[in-house]
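# Topology and contacts: notes
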Amino acid sequence: MRITVFAFAMMSAFGMTALAQNSGVPARPHDMGNMQMGNPQQSQEAENPSLPAPELLKDVAERPAMSLADFEALATANNPTLKQANDLVRRSQEQARQAGLYPNPSVGYQGDEIRGGSFGGGEEGAFVQQTVVLGGKLGLRRDIYKQEAKSDQIGVDEQTYRVHGDVQQAFYDALTAQAIVQMRQRLLGVALDAVETVHQLANVGQADAPDILQTEVESEQAKVEYETAQRRYLQAFRMLAAIAGKGDLPACPLQGELEKTPELNAEQMVDSIVADSPAVKRAQQEAAVAEARLKDAKRESVPDLQLRAGGQYNAEQLGTGQATGPQNFASAGINIPLWNRNQGNIGAAKAEIERAQEDVARKRLSLRQQAAPLAQSYLSAQFEAERYKTELIPRATKAYELYLTKYRQMAQAYPQVLVSQRTLFQLQISYLMALHDVWRSATALQNYTLSGGLGMPMSSGSSTTSINLPDGGGAE
């Protein structure tokens, strides 16, 4: 009786364990719905008065599954930082337009030697005044903001990599958490079956108190781990939804395959990141902005031409008793760059170019510093996952089968079967975590190590709205 009843329960448990071993992860990521079918602890509630394991994902399993592409599309449409990055480009373009506008003309009244009474006399009239900007300064000022707009456009690409990199990592965090929920549910089902079987054996005198206590401890621990796994999945999903710009998105199953990890040449990717990263391109563009500022600073010493012309009526009496009458006037003026030739600003612009060029070198070294450990982490996790799949899990499965066979033959104590079973499940969870580490390192490398999908995008220029004001005479 002892062999027949218990062997049946253990063979059922072994069937679920073997299924997990064959694939390492559940065959379909959206099989989370299967976790909610039935209540695995109802069969032994009569014998075991402990509380049932909470089912936190019952509603989740009923919703349609979502893939990584779904979340990337959500992020592209809803992540506010991508909209902010595009707004920065538009702002720089508008600043460039404003900086190149020609100064407005001035009109006014002019009077001189005006006398009243019987004497009369004086001159009164109107004038038009225009500042003529020389030296191509307006074009050079406009070019500064055009270069900043190019830098901000690179910033859009950079922010896109940041957002998509964070979405991908958050997705595989949640996908791993989902697979662990499924694994913990299977372990819980095995543990509850064992409790039921031991209680039945105790009723016929084939199990004693230590056997009952041991299996009950195993089942209670499985319940705790199952609940913890469910909460970790909910936490991971909410973080994923926030990065995608839909923080109120209801949790749902995820559709993806952990085992199909990307094959990367990690060492070559480090060199590619250093050469092609948007962060490096943006640093190079900042040097171009600094060069545009230097060109402008050198031309700012070229003075502007001030033209003034008008007409007036001269009321001065001539000897004939008549007034002088209408007359015209004109003037032209220009500043002499004698003391102020913009020397300080030119020197500062040269220093800024040197700083920007050094920042390119700094950015490359920083990226190599970040990418090199990621490459090694990717290779290490890939090796670890392969060893779990081809060496550790198959051997643990074989050990479990042997212990189970010996137990059926009454040549092995049941606690040893539990130990081997726990070891097998733990190795499978470790395998999932190794796959998770492969994905995290791979996605970081594929996105140029950029992260911070909810961080404020940085602008190349400033947010000033006082560029080349209408009454500023054409100056910035």
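Thresholds applied
- Residues numbered from 1 in each chain as written.
- Predicted model: local features only at pLDDT ≥ 70, side-chain atom pairs only at ≥ 80, totals over all residues.
- Heavy atoms only, no water.
- Helix = DSSP H or I, 4+ residues; strand = E, 2+ residues; numbered from the N terminus.
- Buried < 20%, exposed > 50% of the residue type's maximum accessible area, 1.4 Å probe, protein only.
- Contact = heavy atoms within 4.5 Å.
- Areas by Shrake-Rupley, 256 points an atom, 1.4 Å probe, with all protein chains shown as cover.
- Patch = residues over 30% accessible without salt bridge, like charges linked within 9 Å, V, L, I, M, F, W, Y side chains within 5 Å.
- Salt bridge = Lys/Arg side-chain N within 4 Å of Asp/Glu carboxyl O.
- Core = buried A, V, L, I, M, F, W, Y, C linked by side-chain atoms within 4.5 Å.
- Phe/Tyr/Trp six-rings, centres within 6.5 Å; stacked < 30°, edge-to-face > 60°.
- Lys NZ or Arg CZ within 6 Å of the ring centre and 35° of its normal.
- Pairing = 2+ DSSP bridges.
- Axes fitted to C-alpha atoms, helices over the stretch in contact; angles between N-to-C directions.
- Left-handed = near helix turned anticlockwise from the far one by under 90°.
- Nonpolar A, V, L, I, M, F, W, Y, C, P; charged D, E, K, R; others polar.
- Arc of directions from axis to C-beta.
- Parallel < 35°, antiparallel > 145°, perpendicular 65-115°, else oblique.

The next thing to look at is the overall build of the protein chain. Helices and strands together make up the secondary structure of the protein chain, namely nine helices and six strands. Residue burial in the protein chain is summarised as follows: out of 476 residues, 45% are buried. The contacts in the protein chain between residues at least 6 apart in sequence include a share of 84% that link residues at least 24 apart. As displayed, the protein chain has an accessible area near 24100 Å², and 53% of this comes from carbon and sulfur atoms.

Nonpolar side chains collect at one region of the surface, where Ile-336, Leu-338 and Trp-339 lie side by side and expose about 440 Å² of accessible area between them. Its place among the elements puts Ile-336 in the loop between β6 (323-334) and α8 (343-408).

On to the nonpolar core, then. When a protein is soluble and globular, its nonpolar side chains tend to lie buried together. By size, the foremost hydrophobic cluster in this structure holds 53 residues, and its most contacted members are Phe-71, Tyr-233 and Leu-254. Contributing elements (two or more residues each) for this core: α2 (68-78), α4 (137-203), α5 (209-243), α8 and α9 (414-446). If you look at the next biggest cluster of nonpolar residues, it comprises 17 residues, including Met-269, Ala-375, Tyr-378 and Ala-442.

Let us now look at the environment of Phe-383. Positionally, Phe-383 belongs in helix α8. Using a relative accessible area of 56% as the deciding quantity, one classes Phe-383 as exposed.

To continue, consider the packing of aromatic side chains. According to the stated counting rule, one finds six aromatic pairs in the structure shown. For the ring pair Phe-71 and Phe-171, a centre distance of 6.2 Å and an interplane angle of 55° mean the geometry is tilted. Of this pair, Phe-71 sits in helix α2 while Phe-171 sits in helix α4, placing them 100 residues apart in sequence. Note on Phe-71: relative accessible area 0%, which makes it buried. In this structure Phe-171 comes out as buried when scored by relative accessible area, which is 1%. Seen from their ring centres, Tyr-233 and Phe-237 are 6.2 Å apart, and the 45° between their planes marks the pair as tilted. In this pair, Tyr-233 and Phe-237 are both assigned in helix α5, four residues apart and thus about one turn of the helix distant. Just as Tyr-233 is buried, Phe-237 falls in that class too. By way of ring pairs, the aromatic residues Phe-71, Phe-171, Tyr-172, Tyr-233, Phe-237 and Trp-439 are connected into one cluster. A cation over an aromatic ring shows up here: Arg-308 above the ring of Phe-127, its NZ or CZ 3.9 Å from the ring centre.

So, about the sheet that holds strand β3 (residues 123-132). The strand order across the open sheet built from four strands is β2-β3-β5-β6, with neighbouring strands paired in antiparallel fashion. The open sheet is flanked by β2 (106-112) and β6, the only strands paired with a single partner. Strand-to-strand twist in this sheet, taken as the mean axis angle between neighbours without regard to direction, amounts to 20°. Sheet analysis places β3 next to strand β5 (residues 305-317), joined by 10 bridges and oriented antiparallel. Counterpart to Glu-124 in the pairing with β5 is Tyr-313.

Time to look at the packing of α2 against α4. Remark: α2 packs on α4, axes separated minimally by 10 Å, with the N-to-C direction vectors making an angle of 145°. The two elements α2 and α4 meet at a crossing, and its hand is right-handed. Residues Leu-68, Phe-71, Glu-72, Ala-75 and Thr-76 of α2 form the contact with α4, whose own contacting residues are Val-163, His-164, Val-167, Gln-168, Phe-171 and Tyr-172. Class assignment of the residues belonging to the contact of α2 with α4 gives a composition of seven nonpolar, three polar and one charged.

Every buried residue belonging to α2 is among Leu-68, Phe-71, Leu-74 and Ala-75, and all of these are buried. One face of α2 carries all of its buried residues, which in axial projection span an arc of 125°. For α2, the secondary structure elements touched by its buried residues are β1 (66-67), α3 (80-99), α4, α5 and β4 (254-255).

Another point: the pattern of salt bridges. This structure, assessed with the given rule, holds 18 salt bridges. Through salt bridges with shared partners, a single network forms among Asp-152, Glu-158, Arg-162 and Arg-282.

In this section: unusual backbone geometry. Note: most peptide bonds trans; most residues except glycine with negative phi. The phi dihedral of Asn-342 falls on the positive side, at around 65°, and the residue is not glycine. Looking at the element boundaries, Asn-342 is found in the loop between β6 and α8. Classification of Asn-342 by relative accessible area gives buried; the value is 13%. With a phi angle near 60°, Tyr-448 is a residue other than glycine that sits in the positive phi range. Along the chain, Tyr-448 falls in the segment after α9. Relative accessible area serves as the criterion here: at 15%, Tyr-448 is assigned to the buried category.

What follows covers the side chain of Ser-277. Mapping Ser-277 onto the fold places it in the loop between α6 (266-276) and α7 (278-299). When its relative accessible area of 0% is taken as the criterion, Ser-277 is described as buried. Residues within four places of Ser-277 in sequence aside, it is in contact with Ser-272, Leu-367 and Tyr-448.

It is the contact of α4 with α5, at a shortest axis distance of 7 Å, that shows an interaxial angle of 160°. Classified by the angle their axes make, α4 and α5 are roughly antiparallel. Note that α4 runs across α5; the crossing there is left-handed. Partitioning the contact of α4 with α5 into residue classes produces 25 nonpolar, six polar and nine charged.

Mapping Ala-372 onto the fold places it in helix α8. Residue classification places Ala-372 among the partly exposed positions, given a relative accessible area of 32%.

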